[in-house]
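Secondary and tertiary structure notes
Spelled out, the chains give:
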Amino acid sequence: MAIRVVVVEKMGLLRGALCAALAGQPDIEVVAAGPDVTELPAMAQRERPHVVVVDLSTDALEESVDAIADVDRTVPGAVVLAMCGRWRPDVLRAAAAAGVRGFLSKDGPVDDLVRMVRSLAAGERVIDPAAAVAALRPPSCPLTRRELEVLRTVAEGLPLKETAKRLFLAHGTVRNHLSAILHKTGTRNRLEAIRRAQRDGWL
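Model, not experiment: these values are computed from the prediction.

**Describing helix α7 (residues 145-155)**
Those residues of α7 not exposed but buried are Glu147, Leu148, Val150, Leu151, Thr153 and Val154. In this structure, the buried side of α7 is in contact with α8 (160-166), α9 (171-185) and α10 (190-199). Gly157 lies just past α7 and shows a positive phi near 95°.

Shown next as structure tokens:
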């Protein structure tokens, strides 16, 4: 019996290439493909695939893991192979918690994709070397020692004036450090920056 596969990838050219690579195998059948991860649960319930290959977009991580978790709950026998352009420890943890059993870097060879689909269909768990390295190596901290001091003090709940006083800095200097912290961490406010730093082990 052929391995039934559903592919979800937002980029049309890449989606077509993935489908072609899989469908060209004698033991694999691509039963559905689409660009929108929010449509994945309905697609999987309709097609009953053995393996789901899904682009795990870090720009919409919550939507992606919610959809994957939905498939894990509602489609018995379907296993998920997640692809990501750049694996991070937090993305790996979120994917694993949602039920992902295969982890593949998007820049890997097509042969790895085919091999992993077969392994997952056989009941194995798979992870490619790049994803494994990301799991073991936390992202490097972009903040200076002074910026970390500011963020650590702010994380205690102190107002900016108290933070400045404790660190022997001018109030405006603290504000400048905070602005740099938000820029470097790609966050919108102090709380997000603190959570990011704690998540990645910087604080």
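**Regarding the sheet that holds strand β4 (residues 79-84)**
The strand order across the open sheet formed by 6 strands is β2-β1-β3-β4-β5-β6, and the pairing between neighbours is parallel. Sheet topology places β2 (28-34) and β6 (126-127) at the edges, where each strand pairs with a single neighbour. Judged from the 5 bridges that link them, strand β3 (residues 51-55) and β4 form a sheet pairing that is parallel. Across the sheet, the residue bridging to Val54 is Ala82, located in β4.

**Structural notes on the pairing of β3**
The buried count for β3 comes to 5 of 5 residues, which makes it a mostly enclosed element. Judged by which residues are buried, β3 turns out to be covered on both faces: Val51, Val53 and Asp55 on one side and Val52 and Val54 on the other are all buried. Across 4 bridges, strand β1 (residues 3-8) lies against β3 in parallel orientation. Counterpart to Val7 in the pairing with β3 is Val53. Between the parallel pair β3 and β4, the chain is carried across by helix α3 (residues 61-74), and the sense of this crossover is right-handed.

Basis of the calculations
- Residues numbered from 1 in each chain as written.
- Predicted model: local features only at pLDDT ≥ 70, side-chain atom pairs only at ≥ 80, totals over all residues.
- Heavy atoms only, no water.
- Buried < 20%, exposed > 50% of the residue type's maximum accessible area, 1.4 Å probe, protein only.
- Helix = DSSP H or I, 4+ residues; strand = E, 2+ residues; numbered from the N terminus.
- Contact = heavy atoms within 4.5 Å.
- Pairing = 2+ DSSP bridges.
- Right-handed = clockwise from strand over helix to strand, strands pointing away.

Read these as spatial facts, not as claims about activity.
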